[in-house]
Amino acid sequence: MDISSYKFVGRKLIIKLKDRICESPEELLGSKLFLEILNKCVHDLAKKNSPLLNIFGKAINEIKNADLKILIEVFTFLEKMSIEHVSKVVKDSGEFIKDPYNLHLFVEHLYNYWREFERFLICDSEGDVLDKRPYRTFNTTIESLTHVVRRTYRDVQENITGKHPNIYRQVRAGAEIATIALPKELTLPNGVYNKLKDIPVIRQILLYPPLLINPPMNKRTGKFERVQSNPLDLIELDKNEWLCYPALVGDLLIQVYIHERFYELGFTLSNLFELADDANISRKPDAVFAFGVPGNELDQLSPFPTIFYEDEANGLLVGAIPNRDEFGYFGYLKKMILTLYNIKMMKKGRMPYHGSMVRVLMKGNKSATILTIGDTGAGKSETLEAFRSIGGDRIEDIIIIADDMGSLDIDREGKVIGYGTEIGAFVRLDDLQPGYAFGQLDRTIIMNPSQVNARVVLPVTTYENITRGFPVDYVLYANNYEEVDEDHPIIDKILNAETALNVFREGTAMSKGTTTSTGLVHTYFVNVFGAVQYKSQHDEIAKRFFEVFYKNNTYVGQLRTRLGINGWERKGPEEAALKLLEMINKN
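Keep in mind that this is a model prediction, so the values were computed, not measured. (Residues numbered from 1 in each chain as written. Predicted model: local features only at pLDDT ≥ 70, side-chain atom pairs only at ≥ 80, totals over all residues. Heavy atoms only, no water.)

1. Points about the overall build of the protein
Using the following cut-off: Helix and strand definitions here come from DSSP, where helices need a minimum of 4 consecutive H or I residues and strands a minimum of 2 consecutive E residues; each element is numbered from the N-terminal end. Note on method: radius of gyration uses C-alpha positions; expected globular size equals 2.2 Å times residues raised to 0.38. Under the scheme applied here, a residue whose accessible area is under 20% of the maximum for its type counts as buried, over 50% as exposed, and between as partly exposed, the area being computed with a 1.4 Å probe on protein chains only. By definition in these notes, contact holds between two residues if any of their heavy atoms fall within 4.5 Å. Only the protein chains shown count as cover for residues, and all accessible areas are computed by the Shrake-Rupley method using a 1.4 Å probe. Working convention for charge: Lys and Arg count positive, Asp and Glu count negative, and His plus the chain ends are omitted. Charge positions come from single atoms, namely NZ of Lys, CZ of Arg, CG of Asp or CD of Glu.
Looking only at helices and strands, one finds 16 helices and 27 strands in the protein. Taking 2.2 N^0.38 as the reference for a compact globule, 587 residues should give roughly 25 Å; the C-alpha atoms of the protein span a radius of gyration of 27 Å, in line with that estimate. By principal-axis analysis of the C-alpha atoms, the protein measures approximately 90 × 55 × 45 Å. Of all 587 residues assigned to the protein, the portion counted as buried reaches 58%. Within the protein, residue pairs in contact and separated by at least 24 positions form 76% of the contacts whose partners lie at least 6 positions apart. Here the protein has roughly 24200 Å² of accessible surface; of this, 47% comes from carbon and sulfur atoms. Counting 72 positive and 79 negative side-chain charges, the protein places the averaged centre of each group 1 Å from the other.

Structure (structure tokens):
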């Protein structure tokens, strides 16, 4: 089949396949998609009154569909032969080839115009075995499309100019992201949840990182509101517009349903949460979440319609966020998932935390597990990165257990055990070290790089590390707003549980522009992601855990990162990391 099953959604192009994709330049140039891309490109150039359209040899308003078809025929023969021979085989081609230089510029523009779209390839053969040999499927789809597009472009350009390039740049010429998404039998309750059962489930994803995406928003505002009605009662979901990403969030299964308007954000989840395998998706999910609900139905449930519902009868949490540009930010997607996780943890008697946790293995058999609790932009990830850089040869390994969110449990021996949720990190680009030692940049997805709060999403640990469970040695509050002096050291021990609870409850931080809040803010346990909504329940849990910390002589204190103070964005986390290193070496 050719690439005729496709859809434009804004600047996104979604191509759906049930078997093969075009395999030759003739099929590519003869496809409906190529004609539409050419038509869109010409229309865009016409609005700018571009001289590139002089290749048509007529006034811009006189260019017709028939002219586009002749141009496609010219391209078809230019892929095979040099420009001087085309006029002999293509009728009415004289105007197109009389100025080879302008034709060359037009082809270059058309190629770049195509690549400006965010291009997704979805293999959705029902009843097929595409997910049994995913590499073969990807090879015959996205790899084939990339090769054919690149080959066609290069052959046409070389036959126009009569020259071979000296430098070949292997840019992403086909799709940027491909997925195998199939209908799967999921363990969901009947009734309103039947609306979700026919939506294809993502089984494999192929990315070409580093990826650069520009979602419509670069900040998050408000908190997630608990409502008393199931949002699924109000909404309808067209299975052709949705995909399900079954995410393993810690040891929970959360089925995340992504609307096509936000596909680029949905596929970014693959750098943050483990994709559930067949064994895991066969079990009942702990939560479901619809991200990108069309219409205004959710506005009936809350003034700020980023909402969740606790379905006690079915033991499920249900999240929903509308399909509007104001919610087109990865933070809404990630944080709702983590809110659902945190609520589930509290139901189990575990204490959720908003922070990072690492296991540091030093040379000389010294080790420590450090939990740093802090708000977004408090310096948790930045201090960890600096720690890795400064530690150098003194550190054998750093095991990342949690980058942003996790939970604590108490084992049979009375030890506090820490768990994580994410295999990846969602990090501010502005606050990264120049050397960027925090992960592999070539696996990164970069968001809104030219804006405030530009972010990167990249894998930083393994699923085994976040679910294994590690005894906690240090519990630190990430203080990003206070200067350091004799009375306020970089690391400041808190002497009793009551004082510690007050510090953590107060949740003071200097906003770093990651949300619409500015200046000094206070958030209960720096955690609006479930803890605030279930405050009384969280309070009881937190009191119990802090009493255990002090009973076990766990180090509890503040870590002053100074990330929120101008001029200390990099030096502050570096000095905090250095003090942490010294403290671990002494103990």
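2. Some words on the side chain of Arg350
The criterion, for reference: Pairs of N or O atoms within 3.5 Å make up the polar contacts considered here, provided that, within protein, one atom can donate a hydrogen while the other can accept it, and that residues adjacent in sequence are counted only when both atoms are side-chain atoms.
Topologically, Arg350 is positioned in the loop between helix H11 (330-347) and strand S14 (351-362). Looking at Arg350, the relative accessible area reads 8%, which means it is buried. Here Ser407 takes part through its side chain, which lies 2.8 Å from a polar atom of the side chain of Arg350.

3. Topic: the pattern of salt bridges
Heads up, the rule is: The term salt bridge refers to a pairing of a side-chain nitrogen on Lys or Arg with a carboxyl oxygen on Asp or Glu at a separation within 4 Å.
Per the stated rule, a full pass over the model turns up 30 salt bridges. Across the pair Asp44 and Lys48 runs a salt bridge whose closest N-O atoms are separated by 3.3 Å. Measuring nitrogen to oxygen at the nearest pair gives 3.2 Å for the salt bridge that ties Lys334 to Glu422. Remark: Glu422 occurs in the loop between strand S18 (416-420) and strand S19 (424-428) and Lys334 occurs in helix H11; sequence separation between them is 88 residues. Glu422 matches Lys334 in its accessibility class, with the two residues each being buried. Look at the salt bridges and you will find they share partners, linking Lys334, Lys335, Asp404 and Glu422 into a network.

4. Digging into the pairing of S19
The criterion, for reference: A strand pair is defined by DSSP finding two or more bridges across the two strands.
The buried count for S19 comes to 5 of 5 residues, which makes it a mostly enclosed element. Every second residue of S19 is oriented toward a common face, with Gly424, Phe426 and Arg428 on one face and Ala425 and Val427 on the other, all of them buried. Of the strand pairs in this sheet, S19 and strand S21 (residues 455-459) are connected by 5 bridges, and their pairing is antiparallel. Looking at S21, one finds that Gly424 is bridged to Pro459.

5. Describing helix H6 (residues 100-115)
In plain terms, the rule: An expected span of 1.5 Å times one less than the residue number is assigned to each helix.
The end-to-end C-alpha distance of H6, which contains 16 residues, comes to 23 Å, matching closely the 22 Å that a straight helix rising 1.5 Å per residue would cover. Considered for burial, the residues of H6 that qualify are Asn102, Leu103, Phe106, Val107, Leu110, Tyr111, Tyr113 and Trp114.

6. Focus: the nonpolar core
Test applied: What makes a nonpolar core is a set of buried Ala, Val, Leu, Ile, Met, Phe, Trp, Tyr and Cys residues whose side-chain atoms join them at distances within 4.5 Å.
Within the largest apolar cluster, 84 residues are counted, with the highest numbers of intra-cluster contacts made by Val256, Leu333, Leu408 and Phe546. Among the elements that take part in this core, H11 stands out by supplying 11 residues, more than any other. Counting 56 residues, the second-largest nonpolar core is a separate cluster that includes Ile21, Val42, Leu52 and Phe117.

7. Overview of unusual backbone geometry
Omega for the bond connecting Pro209 with Pro210 falls within 30 degrees of zero, at 0 degrees, which places this linkage in the cis form. Locating Pro210 in the fold gives a position in the loop between strand S5 (201-207) and strand S6 (211-213). A positive phi angle, near 55 degrees, is found at Phe525, a position not held by glycine. On the secondary structure map, Phe525 appears in the loop between strand S26 (520-522) and helix H15 (535-551).

8. Considerations on the sheet that holds S6
Worth spelling out the cut-off: Helix axes use the C-alpha atoms of the stretch in contact, all axes being lines fitted to C-alpha atoms, and the angles between their N-to-C directions lie in the range 0 to 180 degrees.
Across the sheet, 4 strands lie side by side as S6-S20-S21-S19; this open sheet has mixed pairing. The open sheet has two edge strands with one neighbour each: S6 and S19. Adjacent strand axes in the sheet meet at a mean angle of 20 degrees when their direction is disregarded.

9. Focus: the environment of Val358
Relative to the helices and strands, Val358 resides in strand S14. A sequence separation of 162 residues divides Val358 from Leu196, and the C-alpha atoms of the two residues are 37 Å apart. The residues touching Val358, leaving out its near neighbours within four places in the chain, are Ala368, Thr369, Ile370, Leu384, Ile398, Ile399, Ile400 and Ile401.

10. Quick word on a negative patch on the surface
The cut-off we apply is this: Each patch is built from residues that are more than 30% exposed by relative accessible area and take part in no salt bridge. Like charges join if they lie within 9 Å; nonpolar side chains (Val, Leu, Ile, Met, Phe, Trp, Tyr) join within 5 Å.
On the surface, Glu483, Asp485, Glu486 and Asp487 cluster together into a negatively charged patch. Here Asp485 is to be found in the loop between strand S23 (474-479) and strand S24 (491-493). The exposure class of Asp485 is partly exposed, given its relative accessible area of 41%.

11. Here's the deal with the packing of helix H2 (residues 32-47) against helix H3 (residues 65-78)
Threshold: Note on convention: near helix rotated counterclockwise from far helix by under a right angle means a left-handed crossing. Clockwise means right-handed.
Look at H2 against H3: their axes get within 11 Å of each other, and the N-to-C directions meet at 120 degrees. The two elements H2 and H3 meet at a crossing, and its hand is right-handed. For the pair H2 and H3, the contacting residues are Phe34, Leu35, Leu38, Asn39 and Val42 in the first and Asn65, Leu68, Lys69, Leu71, Ile72 and Phe75 in the second.

12. Overview of the pairing of strand S11 (residues 287-293)
Burial analysis of S11 places 7 of its 7 residues in the buried class, the great majority of the element. For strand S9 (residues 252-259) and S11, the ladder comprises 5 bridges, and the chain directions are parallel. Bridging across to S11, Tyr257 finds its partner in Ala290. Here S11 pairs with strand S13 (residues 316-322) via 6 bridges, running parallel. By the bridge assignment, Ala287 is partnered in S13 with Leu317.

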